[in-house]
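Topology and contacts: notes
Spelled out from the first residue to the last, the chains are:
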Amino acid sequence: MATIKVKQIKSKIGAPIDQKRTLEAIGLRKISQVVEVEDTPSMRGMIRKVHHLVTVVE
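A few points on the structure. (Residues numbered from 1 in each chain as written. Predicted model: local features only at pLDDT ≥ 70, side-chain atom pairs only at ≥ 80, totals over all residues. Heavy atoms only, no water.)

Overall, antiparallel pairing links the 3 strands, which are arranged S2-S1-S3 in an open sheet. Strand pairing shows two members of the sheet lacking a second neighbour, strand S2 (34-38) and strand S3 (54-57), which therefore form its edges. The average angle at which neighbouring strand axes cross in this sheet is 35°, direction not considered. Here strand S1 (residues 3-8) runs beside S2; their pairing, made up of 5 bridges, is antiparallel. Each residue of the ladder has a partner; that of Lys5, found in S2, is Glu36. Packed onto the sheet, helix H2 (residues 41-49) meets S1, S2 and S3 and runs at close to 20° relative to S1. (Pairing = 2+ DSSP bridges. Helix = DSSP H or I, 4+ residues; strand = E, 2+ residues; numbered from the N terminus. Axes fitted to C-alpha atoms, helices over the stretch in contact; angles between N-to-C directions. Contact = heavy atoms within 4.5 Å.)

Below, the discussion takes up the side chain of Thr22. Considering the arrangement of structural elements, one finds Thr22 in helix H1 (residues 17-26). Once you skip the residues sitting within four places of it in the chain, Thr22 turns out to touch Met46, Lys49 and Val50.

Let us now look at the nonpolar core. Ranked by size, the top nonpolar core spans 13 residues in total, and within it Val6, Ile26, Leu28, Val37, Ile47 and Val54 carry the most contacts. Looking at this core, the elements with two or more residues in it are S1, H1, S2 and H2. Once residues within four sequence positions are removed from consideration, Val37 is found in contact with Ala2, Thr3, Ile4, Val6, Ile26 and Met43. (Core = buried A, V, L, I, M, F, W, Y, C linked by side-chain atoms within 4.5 Å. Buried < 20%, exposed > 50% of the residue type's maximum accessible area, 1.4 Å probe, protein only.)

Given below as structure tokens:
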């Protein structure tokens, strides 16, 4: 299956707890950290939920 690289660009400080947990579920812990995740509809939904804190790296 295809993969997506996701990079955290902003801090999770001040974000609601559900968004913090979403970042942890994606695998992001620090700013500028990049993780490679599978391109599934559920993962796309998690990325969309925290779109203001992350970016998709091509």
